[in-house]
Amino acid sequence: MKTIKKSCIVCGERVSVIILLINIISMILKGYFALISYSDALLADAFESMNNVIISVLVIISLWIAKKGENEKFPYGYGKIEFIVSGLANFMLLIAAIIFIYISVKMTIIYGEIVPKPIGIFAAAIGFLLNQIAYYYSKCPGEILKSPLILANARANKLDAYTSLSVIVAIIAANLGIPRVDHLVGILIGLIIANETLEAMIFSIKELLGKSYKNEEREIKYLMEKMSDIKKIISVKTRSVGRKIWVD
């Protein structure tokens, strides 16, 4: 098993707090400029940043609980908390995304011809840069530590970065004479958020139900069969516990 550097562990503990601060700044910036620029797409982007803030807070709490390790009451540790919190957070965000899509559709019908002010492009561009920084900064420790929550946080920021690019295109198109594009992009962003949160929920449910790892099981069985002291292998079973794989 590859030894994880202490610096990577420290980085994994700090990254969620730093990402939380970045997401808060991004949410406030986009929300303010969405109000003064009248951009539905930018408002949807601010909503997505708010989602990222909630996820970051839940990541910090659950990672703190998961650090407790094994004991007599919980012999497999508290690793499952990562999937429980991830599933709960994504369920809340899915409901919020559905509500936002409904509001955006209604706004498209009622206020379809409102053209957002170009100032919104500034906030979207800054948001794109902040989210890219957050994504690459959290991706590294997430992959090394194999943490589903840190990686989920990274993916959320990556999606937010592409959302900001879509907002820039929408505002430019609206100012070139296609005003409804801004509203439609807002709806599209809501659908993307709903799809991603649904996929994350399904992943969390699978992990909570005790998903097995067949490739690892075959590899372990192969290595054990080569040992002369072992006469027969009855069964090898694996299960995920947070970022660890336990073997029976």
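Residues numbered from 1 in each chain as written. Predicted model: local features only at pLDDT ≥ 70, side-chain atom pairs only at ≥ 80, totals over all residues. Heavy atoms only, no water.

## Looking at the overall build of the protein chain
Within the protein chain, the secondary structure is distributed over 7 helices and 2 strands. Each helix and strand of the protein chain, ordered N terminal to C terminal, gives the series α-α-α-α-α-α-α-β-β. For the protein chain, buried positions account for 44% of its 248 residues. In the protein chain, 78% of the contacts between residues at least 6 apart in sequence involve partners at least 24 apart. Surface accessibility of the protein chain: about 14,100 Å² in total, with carbon and sulfur atoms responsible for 69%. (Helix = DSSP H or I, 4+ residues; strand = E, 2+ residues; numbered from the N terminus. Buried < 20%, exposed > 50% of the residue type's maximum accessible area, 1.4 Å probe, protein only. Contact = heavy atoms within 4.5 Å. Areas by Shrake-Rupley, 256 points an atom, 1.4 Å probe, with all protein chains shown as cover.)

## Quick word on the nonpolar core
Ranked by size, the top nonpolar core spans 20 residues in total, and within it L42, V167 and I189 carry the most contacts. When contributions to this core are tallied by element, the ones reaching two or more residues are helix 1 (6–37), helix 2 (40–66), helix 3 (81–110), helix 4 (120–145), helix 5 (148–175) and helix 6 (180–208). Beyond its immediate stretch of four places on either side in the chain, I189 contacts A41, A44, E48, T163 and V167. In terms of nonpolar packing, the next biggest core, distinct from the first, is built from 13 residues, I19, A134, L149 and I150 among them. (Core = buried A, V, L, I, M, F, W, Y, C linked by side-chain atoms within 4.5 Å.)

## Structural notes on the side chain of S26
Here S26 lies in helix 1. Not counting the four nearest positions on each side in its chain, S26 is found in contact with S49, G127, L130 and N131.

## Points about the pattern of salt bridges
Scanning the model with the defined rule gives 2 salt bridges in all. In this structure, K30 engages D45 in a salt bridge whose closest nitrogen and oxygen atoms are separated by 3.1 Å. Highlighted residues: K30 in helix 1 and D45 in helix 2, separated in sequence by 15 residues. You'll find K30 and D45 in the same group, each marked buried. One salt bridge connects D160 with K30, and the closest N-O pair in it is separated by 3.0 Å. Placement of the pair is D160 in helix 5 and K30 in helix 1, with a sequence separation of 130 residues. Both residues of the pair, D160 and K30, count as buried. Among the charged side chains, a network of salt bridges with common partners joins K30, D45 and D160. (Salt bridge = Lys/Arg side-chain N within 4 Å of Asp/Glu carboxyl O.)

## Regarding helix 4
The end-to-end C-alpha distance of helix 4 is 37 Å, a good match for the 38 Å that 26 residues give at a rise of 1.5 Å each. Of all the bends in helix 4, the largest measures some 25° and sits at K139, one to four residues before the proline P141. All of the buried residues along helix 4 are G120, A123, A124, G127, L130, N131, A134, Y135, S138, P141, G142 and L145. Just downstream of helix 4, K146 is the residue with a positive phi angle, here 55°. (Expected span 1.5 Å × (residues − 1). Bend = angle between axes of the 7 residues up to and from the residue.)

## Concerning the packing of helix 2 against helix 5
Relative placement of two packed helices is described by the angle separating their axes and the distance separating the axes. Relative to each other, helix 2 and helix 5 sit at 170°, their axes nearing to 10 Å. The orientation of helix 2 relative to helix 5 falls into the category roughly antiparallel. Between helix 2 and helix 5, the residues in contact are A41, L42, D45, E48, S49, N52, I55, S56, V59, S62 and L63 and L149, I150, N153, A156, N157, L159, D160, T163, S164, V167 and A170, respectively. Broken down by class, the residue content of the contact of helix 2 with helix 5 amounts to 11 nonpolar, 8 polar and 3 charged. (Axes fitted to C-alpha atoms, helices over the stretch in contact; angles between N-to-C directions. Parallel < 35°, antiparallel > 145°, perpendicular 65-115°, else oblique. Nonpolar A, V, L, I, M, F, W, Y, C, P; charged D, E, K, R; others polar.)

## Digging into a nonpolar patch on the surface
A surface patch of nonpolar side chains, about 500 Å² in accessible area, is lined by Y32, L35, I36, I119 and F122. Considering each element in turn, the nonpolar patch owes the most residues, 3 residues, to helix 1. Along the chain, the position of I36 falls in helix 1. The exposure class assigned to I36 is partly exposed, which follows from its relative accessible area of 31%. (Patch = residues over 30% accessible without salt bridge, like charges linked within 9 Å, V, L, I, M, F, W, Y side chains within 5 Å.)

So, to be careful, I would describe these as geometric facts and stop short of saying anything about function.
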